[in-house]
Structure formats: structure tokens, C-alpha cells
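# Analysis of the macromolecular model
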Amino acid sequence: MGLSRVPGKEEEPSGNRTFSSAAFQIVEFFKGSRVYLMLIGFGLVLGFWHMSVDIWRLPRFREMPGLVEVVREWTNSNPAFGISLFTADYYRDMWVSCRRVGIAFLISTSIGISIGLLLGWSRRFRAYVFPAFELFRPIPVIAWVPLAILMFSGRETPVIFLVTMASFFATALNTKLGVESIDQSFIRAALCLGANPRQIFWHVVIPGALPYVFTGLQIGMGVAWFSLVVGEMVSGQYGLGYRINAAYSTVAYPTMAVAMITLGFVGYICSALVRIVGNVLMQWRVRQLAQ
Amino acid sequence: MSMVAERIAAPIRVRARNVHLSADTLRSIVGVAALVLIWELGSHSQQWFGFRTPWIGGLPPPEAVAITWAHLVFKASYWTDLWLSFLRVVSGFAVALLIGVPFGLVLALNRTAHGVLFPSFEVIRPIPPIAWVPASILFWPTKDLSIGFVIFLGAFFTIVLNVLGGTKAIDPRYLEAARSMGASRANIFRRIIIPGVLPSILVGSVVGMGISWEVVIAGELISGGGTAAGGTGGGIGFFIWNSYVTAGESAESQIIVGMFSIGIMGYGSSEIIRWVGRLATPWLKLR
């Protein structure tokens, strides 16, 4: 039983939440004042946007795309600048960005977790590799952009390389921290019960590191979208980051705002997916260990 | 510091500590040297072995980078570029700290403010700061202000989130104890909340500083890439971009020099914050 509580893991009730309790919480949410305060907040932000651009016409705000203009462009079946909910280009940009992040995230997760586990588990491996790792880590991923374009041919690979680099460091470092965070009495206990190193690795180290691994994956997902935008702005063809920069240079300012909001939305969904997968996986771990 | 296998081994085998250390130093040197060797061989493979190593084949060799760096150190423009980027980071970051900490504290301490502002904050937060660069260039009159604003955004969200998390992590028993002993709200704020949040502010600052360096480079790359080659503002991102636009081996080495310089600057700034943090929270050392 003692093993079932993974150290460092916060108790996350959401995995256990059944449908009825979720419905109950939604009802409670609408009964409380939170939802109305939230609406006031949204109203304030959107109202400020609308007033400052369209009504008051404040000096610098005047050139910005207004709220009405952006919404009209976004929901227009015949948009003035070619991008709206009804055009194929909009969904192609989304799909291209998601595909890049998806590929890069798969690569960085598989490499990052294995290197992170090795870094935490093997003293020798860490002694050889970690200093070189630390040499590259402070370099912002963004600074790799020109080098990535030089190193890789084509337009697609440099962007994917950048996104991979960005999330790799977050994943590997957090996995390493996760392995190091494991309470040594777990390992001693397993040793006393006659576990061999391989069993300790699979049954103590990996589940123990999992909460940190998922923290790393969440950070990695965030920085992946972050660096994707730069990569697309500088070298990409299609994609939401490319669309923002292209809209800026063709003076299609409403499209710029549409792409920015979409980017935030898609990025949020991706982070939420990682969180959900983490909860499901760790609940499964906890249950299996508790049996 | 310690590693699993070492922890297992510790009670059984006792080794001399200095032997350990020197072996590790040796290994770290071997690791870095192996990396440089791969880079050396890879970048020369065309002329030495007659085939082009994929990816690293196009890189300038390490000695060319070292020579370029040695030349650049004596150039004033290199230091001006570093200084300009540093100034942008510091100004954007300072504003983020000045606004972010009070904003985070208000969100944490006032339920109504939290209810009104936090959802909007959370809706804007997922938009990567870099995506704001074009809008920011459009909005602010000068390039410096627009890059500074994006740096502010990048650091602001991290700092606010950390302040919020820090106040939530304060043990409520401290507050209850202080209240039951008759402490005023101002006293609780000054004696419990501020010291309780300080470590989180520092963590947020270190992360935010890292993001600031990412953003300053991105801002300089994108705004420099937008205008004709040559750039206007200066800064290490402009330096990298100009080197990229100017083809040729020495320009390519300049890109790598620029990257390592940014790495050193970023690392140095984070270390300064950690150092200030250690001075500001002396009680953490006792644990």
C-alpha cells in the first residue's frame, strides 16, 4: 500500500470523477458567483478592446484590428483577407501546425524520456553526458533557428527540429529530476525483498518518475507551440505562425488576430490532452500498484 | 546531486570522495570532448573522407568558430549587440516583475479580483508570446518598445502564475495562528504572505528570465527578418540574423558564436537571480 502513493504526486481527484459528480459540479458552478464574475472579466477585456479601437479611437489602438472587425472576418463565409471559419486554408494552417507539433512531440518524448531516465538512473551515463547537455541547455531554442535552416534542407525539417529541441530539454530534465526525487527507502525496500536492478527500474523508478515526466511533458508542450511559432514565422510554409506573420506583412490585420486566438485555443487543447493522458495513466499506475 | 545507484551502493561500499569527484570531472571532459570531436569530424568529412555527413556536414568546424569568437571579442559591435539585448531583457523583465507581483498578489488575496480577472488571464495565456510580435510591432512606435512588450508578456504570465501558486502553498495554519493571536491584516501580509511567496517569486523569475532571453532573440530575429538585411536596432538576435543573411563560413561561425554568447548571457542572468534569491531568503538555507 505504501508503494501506491507515488512521492511528489499531488492528489488529483479528476481521474476518479464520475459523470454524475461532474454534472453536479457544473450545476454548482452556475449556482455560485464564479461564472458571473468570469463573464464580467471577459466583458471588461472585450469591452476595452472594442472601446479603445472603435469608439474612443485611442492614438495607438486605432491601427489595431477591432473586435467587431475580427469577429466579422472570422465568421464570414466570404472573408476579405481569405481566412475564416469557412475556408479550407484556415483548417490547413491548423492541421499543418498540429502535425509539426505532433511529430516533434513524439520524437522528443521518446528520446527525452529515455535519456532522462538514463541520466537519473546511471551515474556513469550522467557523468559523461550531463555536462555536454548542460552546455547546450541555456541556449534559447530560438537561437537555433538560423543554424537549423543551415543544417537541414527543406522547409519542414528545420521547424520540426526546433520544436523537438525545445520540448526535448524540458522532458529530459524533468524525467531526470523525477528519478532523483524517488524516495530511496522504496529502492532499499525493493532491494531487501530481492528485486534485481531491472525490476527496480521497471517497478520503482519508472512509476516513481511518472509525475515529473508528465510535468516535463506539459512544459514541453508549451514550449513546443512557443518555438513552433518562431520556426513558422522565420522559415515555415503554412501553419498558424506563418499565417500571423504573412497577415502582418500583407496588412491583413484581422487575420492576424484570428490566427493568434486560434493558436492559443489549439495550444490549450494540446496541453489539456497531455494533462488528461497523464491523469489516466497515473490513475492506472496507482490502481495497479494498490492491488 | 545523488543518483539512485549511488544511493543504493552508499551503505555497502564506502569510497573516497575525492576519487569520485575527479573521475566525474574526467568523464565530463571526455563527454564534451567527444561531442567536439564528432563536430570536428562531421564538419570536415567532405574534405577528409570524401562524403558529407548528414546535418552536421554543413556546420563550420569548431576551430573556425573559436577563431571567429577570438576576433569578435575585440570588436566593439559584438559587445554593443550583447548590451542592447541585455538592456531589452532587463527592462521588459523589470516591468513584468513590477506589474506581475502586485497583480498576482491581488489575484491571490482578493476573491472577487480572482473571479473577474483570472479567467481572462487564463484565456490569453495560451497564446505564445512570440505570436504577439507582429501585433506588438504594429502597436508600439519603436522596435525597442515592441520587443520589450513581448518580453514583458513572456515573463509576466510566468511570474503571476508563480505568485498565485506561492500564496496557495502557504500553510493556512500560519494564517490562523497569526489571526488568533490578533495580528492585523497588514501584519499578516508583511510577516507571512510576503516571506511565504518570496521563494515562488524567485522560481518564477528564473523561469521568466529564461523566457525573456528566448523572446528577445525571437523578437529581434522576426523584426530584423522583416526589414531589409542589415537590420536597424542592433542586438544579438540581429547579429545572428545578419550573419545568417550574409552567407559564407565566417558568417556561419558567427551564428554559432552568437548562440553560445546568448547561452552564456542567459545562464549568467539566471545565476544572478538565484544569487539575489539566496540573499533574499536566507531562511531557506537552514532546511
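Apart from glycine, the bulk of residues carry a negative phi angle, and the bulk of peptide bonds sit in the trans form. All names here are of chain A. The backbone of arginine 57 sits at a positive phi, close to 50°, despite the residue not being glycine. Residue classification places arginine 57 among the partly exposed positions, given a relative accessible area of 43%. Backbone geometry places valine 251, a non-glycine residue, at a positive phi of 60°. You can call valine 251 partly exposed: its relative accessible area is 49%.

With that out of the way, let us pick up the confidence of the model for chain B. Residues and elements named next belong to chain B. Summary statistics for chain B give a mean pLDDT of 84 and a share of 89% for residues scoring 70 or more. Residue range residues 1-14 is modelled with pLDDT below 50. Its contacts to residues more than four positions away, or to other chains, number 22 contacts. Across residues 225-231, confidence stays below pLDDT 50; counting only partners more than four residues off in sequence or on other chains, it has 7 contacts. Two numbers describe this predicted complex: its pTM, 0.83, and its ipTM, 0.80.

Turning our attention to a nonpolar patch on the surface. All names here are of chain B. Side chains of Leu37, Leu41, Trp48, Phe49 and Phe51 sit close together on the surface and give an oily, nonpolar patch of about 530 Å² of accessible area. Assignment of secondary structure puts leucine 41 in helix α2 (residues 17-48). Residue classification places leucine 41 among the partly exposed residues on the basis of a relative accessible area of 34%.

What follows concerns the packing of aromatic side chains. Evaluation of the coordinates by the stated rule reveals 30 aromatic pairs over all chains. Arranged with centres 5.2 Å apart and planes meeting at 75°, the rings of Tyr78(B) and Trp79(B) form a pair that is edge-to-face. Overall, the relative accessible area of 45% leaves Trp79(B) in the partly exposed class. The ring of Tyr238(A) has Arg92(A) lying over it, and the distance from NZ or CZ to the ring centre is 3.8 Å. Note that Lys176(A) overlies the ring of Phe130(A), its terminal NZ or CZ placed 4.2 Å from the centroid.

Each partner contributes residues to the interface: chain A has 60 residues there, and chain B has 59 residues. Contact between chain A and chain B buries roughly 5,500 Å² in total, counting both sides, with carbon and sulfur atoms accounting for 78%. The interface formed by chain A and chain B contains 1 salt bridge. Its salt-bridge partner being Arg123(A), residue Asp24(B) comes within 2.8 Å of it at the nearest N-O pair. At the junction of chain A with chain B, the criterion picks out 6 residue pairs in polar contact (both at pLDDT 80 or more). By residue number, the principal contributor to the side of chain A that touches chain B is helix α5 (residues 123-136) of chain A, which donates 9 residues.

A few words now on the pattern of salt bridges. Across all of its chains, the model carries 16 salt bridges over all chains by this definition. Linking Asp89(A) and Arg92(A) is a salt bridge whose minimum nitrogen-to-oxygen distance equals 3.2 Å. Separated by 3 residues within a single helix, Asp89(A) and Arg92(A) lie in helix α4 (residues 88-121), roughly one turn from each other. We classify Arg92(A) as partly exposed; its relative accessible area is 31%. A salt bridge links Arg88(B) to Asp144(B); its shortest N-O distance comes to 2.4 Å. Pair noted here: Arg88(B) is in helix α4 (residues 76-109) and Asp144(B) is in helix α7 (residues 143-168), with a separation of 56 residues, a long-range link. Judged by its relative accessible area of 5%, Arg88(B) is buried. Each member of the salt-bridge network shares a partner with another, and the members are Arg99(A), Arg100(A), Glu156(A) and Glu232(A).

Among the secondary structure elements, Val32(B) is positioned in helix α2. Under the relative-accessibility criterion, Val32(B) is labelled partly exposed at 24%. Considered as a pair, Val32(B) and Ile217(B) are 185 residues apart in the sequence and their alpha carbons are 26 Å apart. If sequence neighbours within four positions are ignored, Val32(B) has contacts with Pro131(A), Ala132(A) and Leu135(A).

Turning our attention to the packing of α5(A) against helix α7 (residues 156-181) of chain A. All names here are of chain A. Remark: α5 packs on α7, axes separated minimally by 12 Å, with the N-to-C direction vectors making an angle of 140°. Here α5 is positioned oblique relative to α7, judged by the angle of their axes. Both α5 and α7 take part in a crossing whose hand is left-handed. Here Arg126, Phe130, Phe133, Glu134 and Phe136 of α5 come into contact with α7, specifically with Phe168, Phe169, Ala172, Leu173, Lys176 and Glu180. Its residues assigned to classes, the contact of α5 with α7 comprises 7 nonpolar, no polar and 4 charged.

With that settled, consider the side chain of Ser108(A). Along the chain, Ser108(A) turns up in helix α4. Not counting the four nearest positions on each side in its chain, Ser108(A) is found in contact with Ile113(A), Thr164(A), Ser167(A), Phe168(A) and Thr171(A).

Further remarks concern helix α2 (residues 34-55) of chain A. All names here are of chain A. Relative to the 32 Å expected for 22 residues at 1.5 Å per residue, α2 spans 30 Å between its end C-alpha atoms, a close match to the ideal helical length. Along α2, the residues classified as buried are Val35, Leu37, Gly41, Ser52 and Val53. Backbone geometry just downstream of α2 places arginine 57 in the positive-phi region, at approximately 50°.

Conventions and cut-offs
Residues numbered from 1 in each chain as written. Chains lettered and ligands numbered in written order. Predicted model: local features only at pLDDT ≥ 70, side-chain atom pairs only at ≥ 80, totals over all residues. Heavy atoms only, no water. Buried < 20%, exposed > 50% of the residue type's maximum accessible area, 1.4 Å probe, protein only. pLDDT = per-residue confidence, 0-100. Contact = heavy atoms within 4.5 Å. Patch = residues over 30% accessible without salt bridge, like charges linked within 9 Å, V, L, I, M, F, W, Y side chains within 5 Å. Areas by Shrake-Rupley, 256 points an atom, 1.4 Å probe, with all protein chains shown as cover. Salt bridge = Lys/Arg side-chain N within 4 Å of Asp/Glu carboxyl O. Helix = DSSP H or I, 4+ residues; strand = E, 2+ residues; numbered from the N terminus. Phe/Tyr/Trp six-rings, centres within 6.5 Å; stacked < 30°, edge-to-face > 60°. Lys NZ or Arg CZ within 6 Å of the ring centre and 35° of its normal. Buried area = accessible area lost by both parts, 1.4 Å probe. Polar contact = N/O pair within 3.5 Å; in protein donor to acceptor, adjacent residues only side chain to side chain. Axes fitted to C-alpha atoms, helices over the stretch in contact; angles between N-to-C directions. Parallel < 35°, antiparallel > 145°, perpendicular 65-115°, else oblique. Left-handed = near helix turned anticlockwise from the far one by under 90°. Nonpolar A, V, L, I, M, F, W, Y, C, P; charged D, E, K, R; others polar. Expected span 1.5 Å × (residues − 1).

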